[in-house]
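Topology and contacts: notes
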Amino acid sequence: MKFHKVIIAFLLAANSYTVYAQEAQQPQNKYDQHKVFSPLFYPKGGNEYRTASGAPGVKYWQNRADYKLDVTLDTAKHRVSGSALITYTNNSPDALPFLWLQVDQNIYKEDSRAEATSPVTGGRFTNKTYTNGDEIKSVTIIKNGKAEKADYIITDTRMQIRLKDTLKGSGNKLQLKIEYAFDVPEYGTDRMGRQQSKNGWIYEIAQWYPRMEVYDDVSGWNTIPYMGAGEFYLEYGNIDYTVTAPSNLLVAGSGELLNPAEVLTPTAIRRLTTAKASDKTVMIRDAADINSPASHPAKAMLTWHFLCKNTRDVAWAASKAFMWDAARINLPSGKKALAQSVYPIENEGPESWGRSTEFVKGALELYSNEWYEYNYPVATNVAGIVGGMEYPGIVFCSAKSVGSDLWEVTNHEFGHNWFPMIVGSNERKYAWMDEGFNTFINNVDTKVFNKGEFYEKSDEQKNAKAIFMDNADAIMNIPDVIQADYLGSAAYNKPALGLTILRDQILGKDRFDYAFKTYIKRWAFKHPTPWDFFHTMDNAAGEDLSWFWNEWFFTTWKIDQAVRAIDYNENDPMKGSLITIENVEEMALPVTIEIKEENGKTGNVKLPAEIWQRGPVWTFPYKSTSKVITVTIDPDHVLPDIDPENNFFSGLPVPANVTPGSIIKAYFDAIGGIDKVRAIKDITTIATGKAEGTPVNITTKYKSPDKYFQEVIAPSYKNLQVVHIAVNGDSIVARQLGHDVPLDKAIKGQIKARYAMFPELDYTKPGYVLDLDPNTQVVNGEFAYLITVTRPDGTKVKSYFDAKTGLKVKQTTVVQGASVNEFSDYRAINGGIKIPYKINTGLLGEPVEFTITNAVANSGLMDGEFK
């Protein structure tokens, strides 16, 4: 949840009746086709290790790490201790004089590099408490049957072992035995931790053993330290591990449980057997079992033994508070796997974690049929403190997630079993190769799961501000360099949208899916680079996409397509039209144009991105048979166009008898009449919406002539007060998360300019200038009139009024942080006037729909309520 910029967005977003903005200037054209279609994108050709077509080469190699792990969980001390026996195989052609390992628990030390580079304002990956990190007790090298003490050094989250004798390549091995311990932090950078529940602690354990760094043919040793945002890059192998814990704890982990008869009761085994054969969720450990001594073997401690094959990592969870249910996963090969969920009793029920296993099963069956078959015997969803984090065969999701939020986080985290668990990219460098690719397949999956139960069509024009914000970073940056407020776009949403555009607008579903599946198949359980992905897509799809890879992944260029003119052959619409479009910004993409004629005919024209090889302006013929009324670029809003206002061009003039005055009168008449509007002294509304996926409740109050109040609460965060704004004359108070927010003069002026309940009442006063656009506009498929109002202080607002109903349906602003705002579902409230009950606006660049649930006028609000 990213609330650090919410305050300014709420101050400037028009989630009420009016917003004022500075007038936009006609942008200068920035487009240069020579930069977009440069022939020198790819830096080098292929070699014996990686081919120019994007496939592993004939001499491709990667090293291997197998682990035997044995640990004990001390619940009194919240401590894990034990040993790791690592068998490391050097398949490279190089002799290795030293080895590098990851000791990621060191991120929780007070003197860690991550702590030193964390902002004082905190964040998702910031430590909240400290531990001693990985406490290494001993490191032993075992080679050719001989054991000797290792020469090692630890630097932050990395351990270097310096070998007396080099480890030769081409399949030579050695073993490392490491004895270690660590304290489990309560909050572990949202990747692990522990949470107190009604019936005991829930432990979610990850980064819990020393792991080999990757040595590859690209960089040699990959030793970027663990800083929080950058995730992991790991070798594949088999991981055999045991967890010894108090007998009343249920332990769930990556891979297959090898000793169920030793740790489960006959009743639990019988229920588990039923679940493995059932497409419906079967309860294995219910509420009555949680505190029952009969629910576990009568021993003080139990040792749980797991094996996960051909994996890059393992994680596990343990708690006496867990309920446990499961169901069968049906894979396309005919094999079966098990979907299961463990969660505390306070999160059970059909609106909460009672559907988790259904979600796990549905997601994995869909992904397996669409892309590549799921490869682990079990898939476990754990409810706990971690908001959402993925590991092979097991994921940690917030116990607070319910309904669509639980589906989204479950679907996302299990999607990671394809990226990066199957396709083992370098997350520490290229977050987009797992987060972005995963977000893409999540969207494909959500569209079909349970007949689209949780699917909502995305409006990419409204998303454009988040993707192309002014301080945006290019996708091709390491995640620790990408600024925190943009990581969601650069790592997740922008790369996912790029793949969607490739699939739907450039390649088509068949060619894209074939190429994408080829990439997955080629690089399953291997280590691809971005270039391997780019080359594979080019070659398998049969399209040189170098121009797209460059502009979308390496730059912060923007897309802005515009309609500029409608002309007719020999000035006769019957003889056909000539339509001119322009590429205003630096990025080039295909163009879809909808053309409506006076005779009712509607046509669509699709033009490839290559039209922009000729320059920024393109004119194309259209076989019209009557006058063209409207031309609209991207009518379905599938591209993130930063200026959708110029996507539309009208060939229909405003009727001569329509004036700004008549439009404003029609608006007042439509909402109840100007006399009733003037009689309104105050209005209170309560609305609901979502800010970046988080449900919020908004209370807004107006009082004439100069008072305004707004409070935004996040119910799922214990009614956290996210935003508080109060305007009382010249006094303006703004608070974010309980802290006062400094406001400069410009922001204060913009806030004061937007709080009037019905600014149209002032339009006849001296100093106001109203300009009516000569051409009829279209808003959501209906004709509308556009009035640009200039206030006495020079600020401007563009308002669109429905040509039939007279209602105000849209306003545009260009104040930084504000958005296009659309109004609908007008309803009468007491006092006899109508207000819009649905307001579509933007928050942090993301589209948000606020729905008013209660509204009252003239309730006698007191001045003391505006502080």
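Here the residue index of a chain counts from 1 through its sequence in written order. Local features in this predicted model are restricted to residues whose pLDDT is 70 or higher, and side-chain atom pairs enter the listing and the counts only when it is 80 or higher, whereas totals over whole chains, interfaces and linings include all residues. The basis for every side-chain value is the complete set of non-hydrogen atoms in the structure, without hydrogens or water.

To continue, consider the overall build of the protein chain. Helix and strand counts for the protein chain stand at 17 helices and 46 strands. Here the globule rule reads 2.2 Å times residues to the power 0.38, and the radius of gyration is calculated from C-alpha atoms. Since a compact globule built from 867 residues should have a radius of gyration of about 29 Å, the 30 Å found for the protein chain is in line with a globular shape. When its C-alpha atoms are laid out on the principal axes, the protein chain stretches across 95 × 65 × 50 Å. A 1.4 Å probe rolled over the protein chains alone gives each residue an accessible area, and that area as a share of the maximum for its type sets the label: buried under 20%, exposed over 50%, partly exposed in between. For the protein chain, the proportion of its 867 residues judged to be buried stands at 58%. Contacts are assigned to residue pairs with any non-hydrogen atoms lying within 4.5 Å of each other. Restricting to contacts in the protein chain with at least 6 residues of sequence separation, those with at least 24 account for 68%. For the protein chain, the accessible surface area stands at approximately 34,400 Å², while carbon and sulfur atoms represent 51% of it. A distance of 3 Å separates the average location of the 93 positive side-chain charges in the protein chain from that of its 104 negative side-chain charges. Secondary structure is summarised from DSSP: a helix means a run of H or I of at least four residues, a strand means a run of E of at least two, and numbering begins at the N terminus for each. Here the open area of atoms and residues is found with the Shrake-Rupley method and a 1.4 Å probe, where only the protein chains shown may cover a residue. Neither His nor the chain termini are counted; the positive set is Lys and Arg, and the negative set is Asp and Glu. In this description, the location of a charge corresponds to atom NZ of lysine, CZ of arginine, CG of aspartate or CD of glutamate.

Next up on the list: the sheet that holds strand S32 (residues 648–650). Sheet strands pair via backbone hydrogen bonds, and the direction of the pair is either parallel or antiparallel. Taking strand neighbours across the sheet as the criterion, the four strands line up as S29-S28-S31-S32 in an open arrangement whose pairing is antiparallel. Edge positions in the sheet fall to strand S29 (602–607) and S32, since each has one partner strand and no second. Taken over all neighbouring pairs, the strand axes of this sheet differ in orientation by 15 degrees on average, direction set aside. In this sheet, strand S31 (residues 628–633) lies alongside strand S28 (residues 591–597) in antiparallel orientation, the contact comprising five bridges. Bridge pairing in S31 links Lys596 to Thr630. Criterion used throughout: strands pair if DSSP finds at least two bridges between them. Between the N-to-C directions of two axes lies an angle of 0 to 180 degrees, each axis being a line fitted to C-alpha atoms and, for a helix, fitted only over the stretch in contact.

Bringing helix H11 (residues 487–506) into the picture now. In H11, a bend of some 35 degrees at Asn493 exceeds every other bend along the element, and Pro495, a proline, comes one to four places later. Gly508 sits one or two positions beyond H11 and adopts a positive phi of about 90 degrees. The seven residues ending at a residue and the seven starting there each receive a fitted axis; the angle between those axes is the bend at that residue.

With that settled, consider unusual backbone geometry. A cis amide bond links Phe419 with the next residue in sequence, Pro420, at an omega value of 20 degrees. With respect to the helices and strands, Pro420 occurs in helix H8 (residues 417–422). Non-glycine residue Asp156 carries a positive phi angle of around 55 degrees. Here Asp156 shows up in the loop between strand S6 (151–155) and strand S7 (158–167). Positive phi values are uncommon outside glycine, yet His637 reaches one of about 60 degrees. Within the fold, His637 resides in the loop between S31 and S32. Given the relative accessible area of 25%, His637 is considered partly exposed.

This part takes up the nonpolar core. Here, nonpolar core means buried Ala, Val, Leu, Ile, Met, Phe, Trp, Tyr and Cys residues that are tied together by side-chain atoms lying within 4.5 Å of each other. Counting residues in each nonpolar core, the largest one holds 188 residues, and the members touching the most others are Leu99, Trp208, Trp316, Phe516 and Phe533. In terms of nonpolar packing, the next biggest core, distinct from the first, is built from 49 residues, Tyr708, Tyr768, Phe823 and Phe850 among them.

Neither face of strand S16 (residues 250–253) is exposed, since Leu250 and Ala252 on one face and Val251 and Gly253 on the opposite face are all buried. Relative to strand S20 (residues 316–319), S16 is paired through four bridges, and the arrangement is antiparallel. Following the sheet pairing, Val251 is matched in S20 by Ala318.

Regions with low pLDDT should not have their predicted coordinates read in detail. With 94% of its residues at a pLDDT of 70 or more, the protein chain shows a mean pLDDT of 92. Here pLDDT means the predictor's own confidence in every residue, given as a number from 0 to 100. Here residues 1–25 is modelled with pLDDT under 50, and outside its nearest four sequence neighbours on either side it reaches 111 contacts, counting other chains as well.

As a further point, take the packing of aromatic side chains. Pairing of aromatic side chains here covers Phe, Tyr and the six-membered ring of Trp, requires ring centres within 6.5 Å, and sorts the geometry by plane angle: under 30 degrees stacked, over 60 edge-to-face, intermediate tilted. If you walk through the whole model with that rule in mind, you get 61 aromatic pairs. Measuring from centroid to centroid gives 5.5 Å for Tyr667 and Phe801, while their planes differ by 65 degrees, and the two rings are edge-to-face. Placement of the pair is Tyr667 in helix H15 (residues 660–671) and Phe801 in strand S42 (residues 796–802), with a sequence separation of 134 residues. Across the ring face of Trp552, the terminal group of Lys494 is positioned such that the distance to the ring centre comes to 5.5 Å. Think of it as a cone above the ring: NZ of Lys or CZ of Arg counts as a charge over the ring if it is within 6 Å of the ring centre and within 35 degrees of the ring normal. For Lys810, the ring lying beneath its charged end belongs to Tyr800, and the centroid distance is 5.0 Å.

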